[in-house]
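Report on the structure
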Amino acid sequence: MSILSYVFHNLDLVLRLTAEHILLVTAALGCAILTGVPLGIALARHPALAAVVIGALGVLTTVPSIALFGLLLPLLAIIGQGIGPMPAMIAVFLYAQLPIVRNTVTALNGIDGVVREAAIGMGMTRRQRLRRVELPLASSVILAGVRTALVTNIGVMTIAAYIGAGGLGVLISRGISQSDPRQLVTGAVAVSLLAILADTGVLLVQRRLARSGGAFTSVA
Amino acid sequence: MISFQNVSKQYGGRPAVDDVTFDVPAGEVCVLLGPSGCGKTTLLRMVNRLIPKTSGRILVKGEDIDVVDPVQLRRRIGYVIQQIGLFPNMTVEENISVVPDLLGWSRTRSRARAAELLELLALDPAILSRYPPELSGGQQQRVGVARALAADPPVLLMDEPFGAIDPVNRAIIQDEFLALQRRLCKTVIFVSHDIDEALRLGSRIAILREGELVQYDPPAVLLAQPADPFVTSFVGNDRVLRHLRLLTVADALDEDLRDTGACALQPDKSLSEAATLMEQCGQTNLVVVDKDGRAAGLVRLQEARRWKEGVVRDHMQILPDPVHPGDDLHAAASSMLALGLTALPCIDQGGRFVGYVTPGGIARALNRRGERSAPLAAE
């Protein structure tokens, strides 16, 4: 009960932090998609290189977020970005690469060779093939990768509060340091709700893409 | 229209296609036929440059294909493959419109063309908004052909396009293809491993073995004059029977008996007259005609001799499935054997008796088409 009254009395704070959280994750993830998908497209044609790159990204993902911040902070301090959203966004950006790149490569390579042969035989250039056939067919699986990255990184961004990034983690960190369970619970529940909403939202989009004829309709 | 000049393809040391030279005239269907690994698919895919050739030239409409941008070349050539390869993320309409869109046609023109092609291929217009996985195999195959024809290319490349269809529907779609080709007169290169399909659809057949062109002739010549033992065995021991499929009953109507008055009888005549007439004509059966010349039935020599006192009308057999001059000679020959007739009566559309099909007539027909000097079948 006291938690609800806390929320009611601090609604503007909670909403502001939520908005900050969403903004940080979305911005980082947006950049990750802009680099990850083209990287995946390029790697799809070179399986040996793809294995190496995806392996490296996999290793990167095993580094715990606190450790990654620990590595990034001194580096970014050199250019005066040691505190604030930058280290957190870079960390999220890096973590998001693996699911996006890997799913892009898998999705493109999973397209039936016959479809590709038909596309080439009919006179499509490589760009036309990607735009009109391969990417639409791969979209459902690529989006599954984005979904994984999104949900995971909503959590990672929580820890980023400790290095001054802002977001809902602020409530959690204050709740711990001030021994205030109301802030703690509010923060934790808010992050969970955000993750669930994001997951469901992207899942719905994924299903719609798969239904409109995407061959690769597995929804991971 | 399409010219292969010393075309070769090497993979490592082994030639997949070895110095192949031949021409496909405009409007003809050239079937590339041979056992697997003979290079027929490789040769086909060199025409639209999906496989680069090692040496030689290929000319389409007088133009060397190496000179043209491959993407532009492919947009001017229709391509149909066995597994069809419709784009699952596009509707039927969008699939068919792919090449027109690539060529910059207006939306209206593309859509109109798609509707036109569906009609041409006897497909329900309702499928235009459906996706490929929702169609049956036969429908998908036809949409694949429609897609290849969309931009009205002069040349069609078909790689075992009917291979994935069950035998019953395959015969139907082959007939439809023939009808379509009569209408559109495309220049077609068609890969097949099925000799019967080749004989049915090909204007000319190119037999390939281990990359080499062994024989390139129209079906009748191939059957009558196989170039070497390989072709003979590939075509099959029953090549004479296969040859019959290429002929009609009209080709085989016996000339000696063509004077129809001579070997036909009216129902009111006596059986002894029938027997005498059959002995004169050298036949073991005779057709019975009414006064208008319409065939009413058949009488056999055995019956006539047994019931000497009778009248033809009381001892005649009903004519089996009537055979018309335009019918397939292979089917007529089957009837002859099944019924044990040495002279199968042929009637016209009005039911009038036209002539007999006899073994002698069939042999003459085979010899004539095959242009051989020695007879094909033993007399």
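Residues numbered from 1 in each chain as written. Chains lettered and ligands numbered in written order. Predicted model: local features only at pLDDT ≥ 70, side-chain atom pairs only at ≥ 80, totals over all residues.

1. Focus: the overall build of chain B
Put simply, the rule reads: Think of it this way: any DSSP run of H or I at least four residues long counts as a helix, any run of E at least two long counts as a strand, and we number them from the N terminus. Put simply, the radius of gyration uses C-alpha atoms, and a globule should come to 2.2 Å times the residue count raised to 0.38. In this scheme the burial state of a residue depends on its C-beta neighbours within 10 Å: 20 or more other such atoms mean buried, 12 or fewer mean exposed, and anything in between means partly exposed; the C-beta positions come from the backbone. C-beta atoms are placed from the backbone for every residue, and two residues are taken to be in contact when these atoms lie within 7 Å.
In terms of regular secondary structure, chain B is built from 16 helices and 15 strands. Taken over C-alpha atoms, the radius of gyration comes to 26 Å for chain B, far larger than the 21 Å a tight globule of 379 residues would show. C-alpha extents for chain B along the principal axes are approximately 85 × 50 × 30 Å. Put simply, chain B has 379 residues, and 41% of those count as buried. A fraction of 64% describes how many contacts in chain B between residues 6 or more apart in sequence connect residues 24 or more apart.

2. Quick word on the sheet that holds strand β3 (residues 29-33) of chain B
All names here are of chain B. Defined as follows: DSSP calls a pair of strands paired once it identifies at least 2 bridges connecting them. The axes used here are C-alpha line fits, helices contributing only the stretch in contact, and every angle between their N-to-C directions lies in the interval 0 to 180 degrees.
The mixed open sheet is built from six strands, whose spatial order is β6-β7-β8-β3-β9-β10. In the strand order of this sheet, the two ends are held by β6 (77-81) and β10 (212-217), each with one partner. Averaged over all adjacent pairs, the angle separating strand axes in this sheet is 15°, with direction ignored. Its contacts with the sheet place helix α1 (residues 40-47) against β3, β7 (155-159), β8 (187-192) and β9 (204-209), and it is angled at close to 150° to β8. Packing of helix α6 (residues 137-149) onto the sheet brings it into contact with β6 and β7, and relative to β6 it is tilted by some 165°.

3. Notes on the confidence of the model for chain A
All names here are of chain A. Stated formally: What pLDDT expresses is the predictor's confidence in each residue, scored from 0 to 100.
On average, residues of chain A carry a pLDDT of 88, and 95% of them reach 70 or more. Put simply, helix α1 (residues 2-9) is where chain A has its lowest mean pLDDT, 81, and helix α6 (residues 113-121) is where it has its highest, 94. Residue range residues 214-220 is modelled with pLDDT below 50. Its contacts to residues more than four positions away, or to other chains, number 27 contacts.

4. Structural notes on the environment of Thr158(A)
Residue and element names in this part refer to chain A. Tracing the backbone shows Thr-158 in helix α7 (residues 126-159). Judged by the 26 C-beta atoms lying within 10 Å of it, Thr-158 is buried. For the pair Thr-158 and Ile-172, spaced 14 residues apart in sequence, the C-alpha to C-alpha distance is 8.1 Å. Those residues in contact with Thr-158 that lie beyond four places of it in its chain are Gly-167, Leu-168, Gly-169, Ile-172 and Val-191.

5. Overview of unusual backbone geometry
Residues and elements named next belong to chain B. With phi around 50°, Asn-6 is a residue other than glycine that occupies positive phi space. Relative to the helices and strands, Asn-6 resides in strand β1 (residues 2-11). Judged by the 12 C-beta atoms lying within 10 Å of it, Asn-6 falls in the exposed class. Its identity is not glycine, yet Cys-185 carries a phi of approximately 50°, on the positive side. On the secondary structure map, Cys-185 appears in the loop between α7 (167-184) and β8. Judged by C-beta crowding, with 12 C-beta atoms within 10 Å, Cys-185 ranks as exposed.

6. Section: the packing of helix α5 (residues 85-109) of chain A against α7(A)
Residue and element names in this part refer to chain A. Here is the rule we go by: An angle below 35 degrees is treated as roughly parallel, one above 145 as roughly antiparallel, one from 65 to 115 as roughly perpendicular, and anything else as oblique. By definition, turning the near helix anticlockwise from the far helix through less than a right angle yields a left-handed crossing, and turning it clockwise yields a right-handed one. Gly is placed with the polar residues, together with every amino acid not listed as nonpolar (Ala, Val, Leu, Ile, Met, Phe, Trp, Tyr, Cys and Pro) or charged (Asp, Glu, Lys and Arg).
Where α5 contacts α7, the axes come no closer than 8 Å and their chain directions differ by 155°. One way to sum up the angle between α5 and α7 is to call them roughly antiparallel. Seen from above, α5 lies across α7 with right-handed handedness. For the contact of α5 with α7, a count of residues per class yields 17 nonpolar, seven polar and two charged.

7. A few points about α6(B)
Residue and element names in this part refer to chain B. Put simply, the rule reads: How far a helix is expected to stretch is found by multiplying one less than its residue total by 1.5 Å.
For α6, with 13 residues, the first-to-last C-alpha span of 19 Å sits near the 18 Å given by 1.5 Å per residue. α6 sits mainly inside the fold: 10 of its 13 residues count as buried. Within α6, burial applies to Gln-140, Gln-141, Arg-142, Val-143, Gly-144, Val-145, Ala-146, Arg-147, Ala-148 and Leu-149. Taken together, the buried residues of α6 touch β6, α3 (92-96), α4 (98-102), α5 (107-120), β7 and α7.

8. A look at the pairing of strand β4 (residues 55-60) of chain B
Residues and elements named next belong to chain B. As paired strands, β1 and β4 are joined by five bridges and run antiparallel to one another. When the bridges of β4 are listed, Ser-3 appears paired with Leu-59. In this structure, β4 lies alongside strand β5 (residues 63-64), joined through two bridges in antiparallel fashion. Residue pairing for β5: Leu-59 is matched across the bridge by Asp-64. Here β4 folds back onto β5 in antiparallel fashion, the turn holding two residues, of which Lys-61 has a positive phi close to 55°.

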